[in-house]
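As a plain string of letters, each chain reads:
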Amino acid sequence: MLNVTPKPDDSPHKRLFIHNRTLQNSTVLARIEDLEATWIEPLVEDLADRTPPIANRAEWKERLDGLLALEREGSPAGSYLAEKATREQFAHVVREFALDGLTEAQNFFPAVPRLPIRAQMAVMRVLIDEFGCGNLQQTHSKLYLDLLAELGLPQDLESFLDTTGDETYAFLNVFYWLTQRAAHVEYFLGALAYLEASIPDAFTVQARACARLGIAQGRYYTEHLHIDTFHMREMQTAIKEYEAARGLDATKLWVGAQLLSGLIGGAFDAAVERAREAA
């Protein structure tokens, strides 16, 4: 939880994140819903309008594989971070995503009771890994704390509220909506399936940067290269079990994947650009 009150000049995305991390009551929830109504709901509606119907789970997987193959080709921002960024520029990107690394997977739990029991088990296997199977030293957020410490960056959430861009806040905020307020849980399943499948290739960029810059605490990234291959399979199992229990709207899976791809890609590109400008 955050013991912070949004300031009048805070951006809508920053205010939304603070509200999402605040003890919930009717007043806070009303503010959250107002902010989401002008952001995520029109965004998803637009995506849904532009997405042709997906016939079944096999077609969804084919679309996902195509998106992943396209992203695997890389981006200018990724190439720069891996091959050219200075230590200070890399630290800027690490700082930009600190609110994510320090709260990793915490906002996934509300989706679990929305799923049938067999799908719950698959998602819980992912979450158990995110929290180091109960071992603090293996918890992904602890690995991020170790990285922050090596780079001389703060360790508490509040220190990053004023240094996080709106693009990153949008990526952070979307899972609160996906897990708690999205009318259809297939959006969440599609988004998380995309995320777990994309991270092993995406984090190769940061792992290469750590190796080149001599950063010892790069395990946060290398651990994801290993474990998210397993998570990718578990999310496909979760979707299969959801379909068996309740049927499946594969189009909503695809909307969820596209939604998250756009948000996380935009956040990463903006973070690298800000790091370069700061230098």
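You'll find the structure just up there.
Let us look at the structure shown here. Computed from a predicted model, the values in this text were never measured in an experiment. (Residues numbered from 1 in each chain as written. Predicted model: local features only at pLDDT ≥ 70, side-chain atom pairs only at ≥ 80, totals over all residues. Heavy atoms only, no water.)

1. Looking at the overall build of the chain
In terms of regular secondary structure, the chain is built from 13 helices and zero strands. In sequence order, the secondary structure elements of the chain are arranged as α-α-α-α-α-α-α-α-α-α-α-α-α. Relative to a compact globule of 279 residues, whose C-alpha radius of gyration would be 19 Å, the chain shows 18 Å and is just as compact. With the C-alpha coordinates of the chain rotated into their principal frame, the extents come out at 50 × 40 × 40 Å. (Helix = DSSP H or I, 4+ residues; strand = E, 2+ residues; numbered from the N terminus. Rg over C-alpha atoms; globule rule 2.2 N^0.38 Å.)

2. Quick look at helix H3 (residues 40–50)
Among the residues of H3, those classed as buried are Ile 40, Val 44 and Leu 47. In a view along the axis of H3, the buried residues occupy a sector of 60°, so they form one face of it. Opposite the buried face of H3, at more than 90 degrees from it, the exposed residues are Glu 45, Asp 49 and Arg 50. Buried residues along H3 sit against helix H2 (26–37), helix H10 (166–180), helix H11 (186–213) and helix H13 (250–278). (Buried < 20%, exposed > 50% of the residue type's maximum accessible area, 1.4 Å probe, protein only. Arc of directions from axis to C-beta. Contact = heavy atoms within 4.5 Å.)

3. Observations concerning unusual backbone geometry
Even without a glycine there, the phi angle at Ala 105 is positive, about 70°. Note on placement: Ala 105 falls in the loop between helix H7 (98–101) and helix H8 (117–130). Look at Cys 133: it is not a glycine, yet its phi comes out positive at around 50°. One can find Cys 133 in the loop between H8 and helix H9 (140–150).

4. Topic: the packing of H10 against H11
Between H10 and H11, whose axes approach to 8 Å, the crossing angle comes to 135°. As summarised for this structure, H10 and H11 are arranged oblique, according to the angle between their axes. Listed contacts from H11 to Phe 175, Trp 177, Leu 178 and Thr 179 of H10 are Tyr 187, Phe 188, Ala 191, Leu 192 and Leu 195. Here the residues of the contact of H10 with H11 are counted per class, giving eight nonpolar, one polar and no charged. (Axes fitted to C-alpha atoms, helices over the stretch in contact; angles between N-to-C directions. Parallel < 35°, antiparallel > 145°, perpendicular 65-115°, else oblique. Nonpolar A, V, L, I, M, F, W, Y, C, P; charged D, E, K, R; others polar.)

5. As for the side chain of Gln 236
Residue position: Gln 236 is located in helix H12 (residues 219–246). According to the relative accessible area criterion, Gln 236 is buried, its value standing at 16%. When neighbours within four sequence positions are excluded, Gln 236 is seen to be in contact with Trp 60, Lys 61, Leu 64 and Ala 193.

6. Let's talk about the pattern of salt bridges
With the rule as written, the count across this model stands at 18 salt bridges. A salt bridge links Arg 50 to Asp 46, with the shortest nitrogen-to-oxygen separation between them at 3.0 Å. Of this pair, Arg 50 and Asp 46 both sit in helix H3, four residues apart, which is roughly one turn of that helix. Across the pair Arg 274 and Glu 96 runs a salt bridge whose closest N-O atoms are separated by 3.3 Å. Residue Arg 274 is found in helix H13, and its partner Glu 96 is found in helix H6 (residues 87–96); the two are separated by 178 residues along the sequence. Here the salt bridges share partners, and the residues they tie into one network are Lys 7, Asp 10, Lys 14 and Asp 162. (Salt bridge = Lys/Arg side-chain N within 4 Å of Asp/Glu carboxyl O.)

7. Some words on the packing of aromatic side chains
Counted by the stated rule, this structure contains eleven aromatic pairs. Judged by centre distance (6.2 Å) and plane angle (70°), the ring pair of Phe 90 and Tyr 221 falls under edge-to-face. Separated by 131 residues along the polypeptide, Phe 90 in helix H6 and Tyr 221 in helix H12 bring together distant segments of the chain. With a centroid separation of 4.7 Å and 90° between ring planes, the pair formed by Tyr 144 and Tyr 220 is classed as edge-to-face. In this pair, Tyr 144 sits in helix H9 while Tyr 220 sits in helix H12, placing the two residues 76 residues apart along the sequence. Classification of Tyr 144 as buried rests on a relative accessible area of 2%. Ring pairing ties together the aromatic residues Phe 90, Tyr 144, Phe 203, Tyr 220 and Tyr 221, which thus form one cluster. The ring of Tyr 80 has Arg 276 sitting right over it, with the charged end atom 3.8 Å from the ring centre. (Phe/Tyr/Trp six-rings, centres within 6.5 Å; stacked < 30°, edge-to-face > 60°. Lys NZ or Arg CZ within 6 Å of the ring centre and 35° of its normal.)

8. A word on a negative patch on the surface
On the surface, a cluster of negative charge is contributed by Glu 33, Asp 34, Glu 41, Glu 45 and Asp 49. Secondary-structure elements contributing two or more residues to the negative patch are H2 and H3. If you tally residues by element for the negative patch, the top one is H3, at three residues. For Glu 45, the location among the structural elements is in helix H3. Its relative accessible area of 52% is what places Glu 45 among the exposed residues. (Patch = residues over 30% accessible without salt bridge, like charges linked within 9 Å, V, L, I, M, F, W, Y side chains within 5 Å. Areas by Shrake-Rupley, 256 points an atom, 1.4 Å probe, with all protein chains shown as cover. Lys, Arg positive; Asp, Glu negative; His and termini not counted. Charge placed at Lys NZ, Arg CZ, Asp CG, Glu CD.)

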